[in-house]
There are 2 protein chains.
Amino acid sequence: MYRTHTCGELRIEDVSKEVMLSGWVQRIRDKGGMLWIDLRDRYGITQLIFNESKTDADIIRKARTFGREYVIQATGIVTERFSKNPNIPTGEIEIVVNKLTVLNPSKVPPFTIENNTDGGEDLRMKFRYLDLRRSVVKKNIQLRHKLMQHTRSYLDGQQFIEIETPVLIKSTPEGARDFVVPSRMNPGEFYALPQSPQTFKQLLMISGFDKYYQIVKCFRDEDLRADRQPEFTQIDCEMSFVTRDDVLDTFEGLIKHLFSNVLDVTLDTFPKMTYDDALSIYGTDKPDIRFEMKFVELKDLVEGKGFRVFDDAGLVVGISVEGCAGYSRKQLDALTDYVKRPQVGAKGLVYVKYNEDGTFKSSVDKFFNQEQLAYWAERFQARPGDLMLILAGDSSTTRTALSLLRLHMGKTLELMNKKDFLPLWIVDFPLLEWDEETHRYYAMHHPFTSPKPEDIEKLETDPDKAKANAYDLVINGVEIGGGSIRIHDRKLQQKMFDTLGYTKEESNQQFGFLLNAFNYGAPPHGGIAFGFDRLCALFGGMDSIRDFIAFPKNNSGRDVMIDSPASISEEQLRELSIKMR
Amino acid sequence: MYRTHTCGELRIEDVSKEVMLSGWVQRIRDKGGMLWIDLRDRYGITQLIFNESKTDADIIRKARTFGREYVIQATGIVTERFSKNPNIPTGEIEIVVNKLTVLNPSKVPPFTIENNTDGGEDLRMKFRYLDLRRSVVKKNIQLRHKLMQHTRSYLDGQQFIEIETPVLIKSTPEGARDFVVPSRMNPGEFYALPQSPQTFKQLLMISGFDKYYQIVKCFRDEDLRADRQPEFTQIDCEMSFVTRDDVLDTFEGLIKHLFSNVLDVTLDTFPKMTYDDALSIYGTDKPDIRFEMKFVELKDLVEGKGFRVFDDAGLVVGISVEGCAGYSRKQLDALTDYVKRPQVGAKGLVYVKYNEDGTFKSSVDKFFNQEQLAYWAERFQARPGDLMLILAGDSSTTRTALSLLRLHMGKTLELMNKKDFLPLWIVDFPLLEWDEETHRYYAMHHPFTSPKPEDIEKLETDPDKAKANAYDLVINGVEIGGGSIRIHDRKLQQKMFDTLGYTKEESNQQFGFLLNAFNYGAPPHGGIAFGFDRLCALFGGMDSIRDFIAFPKNNSGRDVMIDSPASISEEQLRELSIKMR
C-alpha cells in the first residue's frame, strides 16, 4: 500500500489519526530545529513536519537529503497546526512524520514547478510532463475533462448516441489537405485521416440513429498558423428530422448547460444575426459583441466635397469611440500606424474629434466644415467627447480593417472583459465563394450544406446570391462552432457537385457512397461541430488552445518531447511500397 | 417542424391528440378498404391507419404509392386500436392519418431491412448504412453506447480524469507494425498512429494526474486474422501509487459495474490464477471456466508399459468428460479427427470409457489392464459413465491441443451458456519470451512492464524465469483486458532495454523521453487496457466484434462502403516527398 489518503483530503476532524501519504516534494523549509515539507499530489498539498525534539534523528537526516520533486512516502499522525493556512483546504493540519521512504529521487528539474515558472516555451514543451505538474496547466486539463463530462451528460440526456466513426478513411480533394496513411496490404493505396466525420455522421442519419454525437479527433495538414494544431478535437453532432432552429435550440442548450455547470454563468437567449448584417455592422462574421462601436456608413454624406480619398472609395465607414475626443496627436498617429500595418491593410485613417465644447476637429478640416461634420456626428449618434474614426477604400478590405481597428479600440479601452460571455448565432451564410485563381466556386461551408429552400433555384440562375442554411456560433468574437442543414436529396446534391465543377466521374468516385445512400430514404438532417480545444480555451479565459492540450505540437507540427515526426526504417518504407523522392 | 413525437412514444393516454410523426415505412398492409403502414424510427414503430370510409381518397392514393424505406411525415389523431399488439410499447394505439407527405422516396433496398435479412455479408457491408437500420445491428451500436456511458460514469466516480493523448506520434520498432503518416512539413519524416497510448499514459502519471482514462482508438497494421480490425477501441487506464491488487480491485469494480448496470448481472469476486496454473490446468492462459474438465497429468502412471506413444511423450495429459462413456465408435473417431486437424495439432487421441458397470474400455487395452485403467480413473476422479480423453506429446503442443479439445467438448455438450459470465484474473505472467528465430528476448507484455520485485535480479541471472507483475482479465475464455505494474526506475528500465537487446543508442532514440522522465520523480504506477470492441461483443453475446463497430473494415483492411484505401493524386504524393516503388 502506498497511501491511506491523498494530499488533498485530511481535515481538522482527522487529527490524531495515523495516516500514510505519497506524493512529490513541493518545498522544504529547514529552520534548524524544525523542518517542513509541502507534499503535493493531484488533489492538494499537505504539510509534513519534522521536529528535532520529537522526530527520530535518522528520519530528519533523510528528509534533509530530499530535493524538489522527490517522490516520497510518509507515515505519521495528523496534528492540528500551530499557525494555520486558510488558503488551502488542508491548512488546519500537518503530519508529524514517524516513517519516511524515498519512492523515487529526482534530479533538479530544468525549470521550477511553479505557476510563475522560469522555463521558456521551448523548454516547457520538451519537458511537457513536468510542465503539466504546474497547477496552472494541470487546471486547464482538468477543466477540459469537466467540459467533456458535462458535454456528454447534456447530450446523453437529450438522447444523443455516441458513435465512433472510422479514423482510417479516404482522401477527398475538397477542403484542407489530408494526412494520408499508406496501406501495406493494398500497395499503392492510401487511407486518409478525417478532417471531420462529416459523411459518416450523415450516413448515421440515413441509418436512422436520429441523434449522434462524438468527441472526436480530426486532422488537417495545414501550414500551421499560430495556435492551430494538426490534430484537434471536435464535438461533432448530427440530428434527423430537424429544422435550423431545432438545431440551434438544442445546442444553445448545450452551451448554456456548460456555462452554468462549469463556470456557474447563466446566459441569456443567444441573439441571431445574418452574415450580411454581421459584415455591415461589425465588418466580420465573428463579431465580438461585448461592446458596441457599430459601423456607420458615410459615403452618401461625404461625396463630392473634393476629398479624393472619399470620392474614389467604394466604402466610407467608421466607428465612434466614446470619450476619446481628448486623444493626443501621438495617440492618433499610433492609430494611423495601426491601421496601416500590412495585417490590417488600410491606407490611412480619418478622425473627427467631437470636442466637449460642441466643436469638431478633424484630419479633413480642409474639405469638411463644422456643419458637415455635425451631420456625420449625427449619423454616428456621437456625443461631445467622442472620437470618430473613419476608413475608406474598397468594401471588403475596408470593412476588415475597421473591424480590426474596432477590436483594437475595444482592447485599448478594456471593453472586452474575460468574465463576460456574449454568444451570437451568425446565420444565412453565402452558399458559395467564387475563387478568381482557380476560376470556380467553392462551398463556403462544405459541399453537403443545403441552400436555403427559397434559394435552391438560384443555384442555376445566380449562384453568388444563394444563401446557405448554415450557422456559426460566435462567443466574444471567437468562432466556437458551426454547422448546417444538409442536403438530403440526391438530385440537389448532384447539382451542388456540378456547381462546384466536379465531373460526374469525380463526384461519383469521391462521394458515390453518399449519393447512393440518398437513394434509400435519407431523412432531412442537420448538425453542428464545435472546436473543443477552442471552447476549453474560452472557458479557461486564455487565448491559446495549446495550453489546453496535454501533449500539443509546435508550429512546425512537431512534438518536441518525443521528437516526432521522425525517419522510419528502409524496411518499413519497402513494406509500404513507397520511397522518398 | 417535422414531428411532435417519435415513433416509440405514443400510448393509450395520448388517445385523441393530434400528432405529427416522421419516419421510415417498415411495412404496408393493404386490405382494400383498409391500409396500414408501420412507421419506424430509432425509438420504435407506430401504426398508421387509412380507412377508405373515413380517410380522404387522395391520401390513400398517395399512401398506396409508397414502398419500403420511404421517409414520410404523417399527421393524424391518436386512436385506440381495435386489435392491440402487446409486443410493442405503442401497440395499443394507431394514428388515423389526415395529412401525409413524402420527405424522401426510396429505391427498393438491396436486401430486406429485417432481423433475418436476405443480404449476404458483402452486400450488407457495402450498404452498411442500410444494414445499420436492422434492429439487431442497431441494438449492438446502442449497447456499445451504453457500455461507454457506464464505463465513464464508473471511472469519473473513481476520480479518473479523461485525457486525450496524441494520435500523430512516433514509430517504434517494438510490437506490431505501425501505420505511418508522411509529414509534408518535415520531408522524409513520418508520424505513426499509436498501437496504444502506453508511453503517454505513463508520462501522465509522471505529471501527477494520478488516475487517467481514455476510450481511445488504437491502430495495428497486422495481417488481419478473422475478427481483427486495423483500428480498434481501447478503454485505457493508468493509476499512480498503486500495487497490483489496487489495480485489480478498481477494475474488477468497473467490470462488475458494467455487468450490473448494462446486463443486470451480479458477479461474484473474480478468482485469480497464475499463468503457470492456467497452463497446467487448462492448457491456455485464457481458460473458459464456465465448466470444469481440468487437465490431469498421467505420465508417471503410464510409463514403462510398452506403449511407445506415452513412453516417448514429454507430457501425457487428459480430461474426463462426464457422462460420455456411451460415445459410439463414430463419435470417438470424430474426436480423433478433430484433434488431428492442423489447427489443433495432436497426433492421435487415447480414450478410456468408464462403463456404467464399472469396467473400462479403452483404445489402449493392449497395453493397460483394467486395474491400471482404474488407477487412471481414480486420478481423473472419474465416475462410471465418464469418458477420459488423453493426449500425449511434447508439452506445449499437447497442452494447446487438449485445451482446444476441452473447448470442443464444452461446446458439444453445451456447457458454455452465453448467459453465464465467469471472469478470471490471470497473474504472474513470464516477463520475457525467447525467440529462436531472431535469437533474442521479447517482452511478453511490453518493455515497460515491471518484473515482480522478487524477480528483478533474475533479469541478470535467469531471465527466462523472471515473472512479470502483469495481469489479464479473461471472461468465458476471452481475453478482455490486460495490464501491469510498470517500471518507474530509470536503471531498471535501462536494464530491461538491455535485456531485450537494444543498444543504448536505440533505446535512447526510441524511448529517451521516457527514460529521461524517470529522472524527475516518477511515481510507482500501473494500469490496464480493455479491448472495447471485444467487451461489447461479449456483452452482446456474439463472437464477432465487427457487429459492434458502426463502420468496420473487412479482412483485407478495406472499407468496402467508401472504397478505402484508394489511390491519391500525384500532386499529393509530390507534396509528401514520396513516390511509389
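This structure is a prediction, so every number in the text was calculated from the model and none was measured.

**Topic: the overall build of chain A**
Piece 1. Scanning chain A from terminus to terminus reveals 17 helices and 23 strands.
Piece 2. Dimensions of chain A, computed from C-alpha atoms along their principal axes, come out at roughly 95 × 75 × 50 Å.
Piece 3. The burial tally for chain A puts 58% of its 581 residues in the buried class.
Piece 4. A fraction of 66% describes how many contacts in chain A between residues 6 or more apart in sequence connect residues 24 or more apart.
Piece 5. Carbon and sulfur atoms form 48% of the exposed surface of chain A, whose accessible area is close to 24,000 Å².
Piece 6. Here chain A contributes 77 positive and 86 negative side-chain charges, whose respective centroids are spaced 5 Å apart.

**Points about the pattern of salt bridges**
All names here are of chain B.
Piece 1. In total, this model carries 108 salt bridges over all chains according to the counting rule given.
Piece 2. Across the pair K467 and D276 runs a salt bridge whose closest N-O atoms are separated by 3.0 Å. Remark: D276 occurs in helix α7 (residues 275-282) and K467 occurs in the loop between α13 (458-461) and β20 (470-475); sequence separation between them is 191 residues.
Piece 3. Note on D276: relative accessible area 41%, which makes it partly exposed.
Piece 4. Ionic pairing is found between K495 and E460, a salt bridge with its closest N-O pair at 2.4 Å. Placement of the pair is K495 in helix α14 (residues 490-499) and E460 in helix α13, with a sequence separation of 35 residues.
Piece 5. Accessibility expressed as a relative area gives 57% for E460, which makes it exposed.

**A look at the sheet that holds strand β13 (residues 315-321) of chain A**
All names here are of chain A.
Piece 1. With respect to topology, 5 strands assemble into an open sheet ordered β12-β13-β16-β14-β15, the strand pairing being antiparallel. Bordering the open sheet on either side are β12 (296-297) and β15 (360-362), each of which pairs with just one other strand.
Piece 2. Here β13 pairs with strand β16 (residues 387-393) via 7 bridges, running antiparallel. Note that in β16 the partner of G318 across the bridge is I390.

**Things to note about the relation of the copies chain A and chain B**
Piece 1. Overlaying chain A with chain B gives an RMSD of 0.1 Å, the required rotation being 180° about an axis along which the chain moves by 0.0 Å. In symmetry terms, the pair is related by a two-fold rotation axis.
Piece 2. Looking at the interface residues of chain A, 100% of them are also at the interface in chain B, so both copies use one shared face.

**Concerning the domain arrangement of chain A**
Piece 1. When the domains of chain A are assigned, the result is domain 1 (12-104), domain 2 (138-271 + 422-442 + 471-549) and domain 3 (291-412).
Piece 2. Taking only C-alpha atoms into account, the centre of domain 1 of chain A sits 64 Å from that of domain 3 of chain A.

**So, the environment of P110(A)**
All names here are of chain A.
Piece 1. For P110, the position within the fold is in the loop between β5 (93-104) and α2 (121-126).
Piece 2. The class of P110 is partly exposed, set by a relative accessible area of 28%.
Piece 3. In sequence terms P110 and V265 are 155 residues apart; their C-alpha atoms lie 39 Å from each other.

**Regarding the state of the cysteines**
Here is the idea: a disulfide is a covalent bond, and it sits between the sulfur atoms of two cysteines.
Piece 1. Inspection of every chain in the model, using the stated rule, returns 0 disulfides over all chains.
Piece 2. Free cysteine C536(A): the closest other cysteine sulfur is in C218(A), separated by 14 Å.

**As for the pairing of strand β18 (residues 432-435) of chain A**
Along a regular strand, successive side chains alternate from one face of the sheet to the other.
All names here are of chain A.
Piece 1. Summarising the sheet, β18 and strand β19 (residues 440-443) pair through 4 bridges and their orientation is antiparallel. Its bridge partner lying in β19, D435 is registered against R440.
Piece 2. The antiparallel hairpin formed by β18 and β19 contains 4 residues in its connecting segment, where H439 sits at a positive phi of about 55°.

**Re the side chain of E231(A)**
Piece 1. Within the secondary structure, E231(A) sits in strand β10 (residues 231-240).
Piece 2. Since its relative accessible area comes to 6%, E231(A) is described here as buried.
Piece 3. Within the structure, E231(A) has its side chain in polar contact with the side chain of K217(A) (distance 2.9 Å).
Piece 4. A polar contact of 2.7 Å, which involves the side chain of E231(A), links it to the backbone nitrogen of V167(B).
Piece 5. When neighbours within four sequence positions are excluded, E231(A) is seen to be in contact with K217(A), C218(A), F219(A), K553(A), P166(B), V167(B) and L168(B).

**Overview of the pairing of strand β20 (residues 470-475) of chain A**
Residue and element names in this part refer to chain A.
Piece 1. The buried count for β20 comes to 6 of 6 residues, which makes it a mostly enclosed element.
Piece 2. Residue alternation in β20 divides its side chains into two sets, A470, D472 and V474 and Y471, L473 and I475, and both sets are buried.
Piece 3. Sheet topology note: the strand β17 (residues 423-427)/β20 ladder contains 5 bridges and is antiparallel. Opposite I426, over in β20, you have D472 as the bridge partner.
Piece 4. Counting the residues that bridge the hairpin from β20 to strand β21 (residues 478-485) gives 2 residues, and of these N476 lies at a positive phi of roughly 55°.

**Some words on the packing of aromatic side chains**
Piece 1. Summed over all chains, the structure comprises 53 aromatic pairs over all chains.
Piece 2. Taken together, a centroid distance of 5.2 Å and an interplanar angle of 80° make the contact between F448(A) and F511(A) edge-to-face. Of this pair, F448(A) sits in the loop between β19 and α13 (458-461) while F511(A) sits in helix α15 (residues 504-517), placing them 63 residues apart in sequence. When sorted by exposure, F448(A) lands in the same class as F511(A), which is buried.
Piece 3. Ring geometry for F307(B) and F367(B): centres 4.8 Å apart, planes at 40°, overall tilted. With a gap of 60 residues between them, F307(B) in the loop between α8 (299-302) and α9 (308-312) and F367(B) in the loop between β15 (360-362) and α11 (370-380) connect regions that are remote in the sequence.
Piece 4. For F367(B), a relative accessible area of 30% translates into the label partly exposed.
Piece 5. Here the aromatic residues F307(A), F310(A), F367(A), F368(A) and W376(A) are joined through ring pairs into a cluster of three or more.
Piece 6. Above the face of the F291(A) ring, R406(A) is positioned so that its terminal group lies 4.0 Å from the ring centre.
Piece 7. Directly above the ring of Y442(B) sits R440(B), whose terminal nitrogen or CZ lies 3.7 Å from the centroid.

**A word on the side chain of S450(B)**
Residue and element names in this part refer to chain B.
Piece 1. Relative to the elements of secondary structure, S450 occurs in the loop between β19 (440-443) and α13.
Piece 2. Relative accessible area serves as the criterion here: at 10%, S450 is assigned to the buried category.
Piece 3. Beyond its immediate chain neighbours, meaning those up to four positions away, S450 contacts L431, A468, N469, I485, R486 and I487.

**A word on helix α10 (residues 329-340) of chain A**
Residue and element names in this part refer to chain A.
Piece 1. The end-to-end C-alpha distance of α10, which contains 12 residues, comes to 16 Å, matching closely the 16 Å that a straight helix rising 1.5 Å per residue would cover.
Piece 2. Looking only at α10, the buried set comprises L332, L335, T336, Y338 and V339. With its buried residues spanning 155° around the axis, α10 presents them on a single face. Pointing more than 90 degrees away from the buried face of α10 are the exposed residues R329, K330 and D337.
Piece 3. If you follow the buried residues of α10, they end up packed against β14 (350-354), β16 and α12 (395-412).

**Here's the deal with helix α14 (residues 490-499) of chain A**
All names here are of chain A.
Piece 1. Where α14 is concerned, the buried positions are L492, Q493, Q494, M496, F497 and T499.
Piece 2. One side-chain oxygen at the N-terminal end of α14 lies 3.2 Å from the backbone nitrogen of K491; it belongs to D489.
Piece 3. Positive backbone phi, approximately 85°, marks G501, located one or two places after α14.

**Considering unusual backbone geometry**
Piece 1. The linkage connecting S564(A) with the following residue, P565(A), adopts the cis geometry, with an omega of 0°.
Piece 2. Checked against the element boundaries, P565(A) lands in the loop between α16 (532-540) and α17 (570-575).
Piece 3. For S577(B), which is not glycine, the phi dihedral falls at a positive 60°.
Piece 4. Secondary-structure assignment places S577(B) in the loop between α17 (570-575) and β23 (578-580).

The rules we used
Residues numbered from 1 in each chain as written. Chains lettered and ligands numbered in written order. Predicted model: local features only at pLDDT ≥ 70, side-chain atom pairs only at ≥ 80, totals over all residues. Heavy atoms only, no water. Helix = DSSP H or I, 4+ residues; strand = E, 2+ residues; numbered from the N terminus. Buried < 20%, exposed > 50% of the residue type's maximum accessible area, 1.4 Å probe, protein only. Contact = heavy atoms within 4.5 Å. Areas by Shrake-Rupley, 256 points an atom, 1.4 Å probe, with all protein chains shown as cover. Lys, Arg positive; Asp, Glu negative; His and termini not counted. Charge placed at Lys NZ, Arg CZ, Asp CG, Glu CD. Salt bridge = Lys/Arg side-chain N within 4 Å of Asp/Glu carboxyl O. Pairing = 2+ DSSP bridges. Least-squares fit on C-alpha atoms with pLDDT ≥ 70 in both. Domains from an automatic or database assignment. Disulfide = S-S within 2.5 Å. Polar contact = N/O pair within 3.5 Å; in protein donor to acceptor, adjacent residues only side chain to side chain. Phe/Tyr/Trp six-rings, centres within 6.5 Å; stacked < 30°, edge-to-face > 60°. Lys NZ or Arg CZ within 6 Å of the ring centre and 35° of its normal. Expected span 1.5 Å × (residues − 1). Arc of directions from axis to C-beta.

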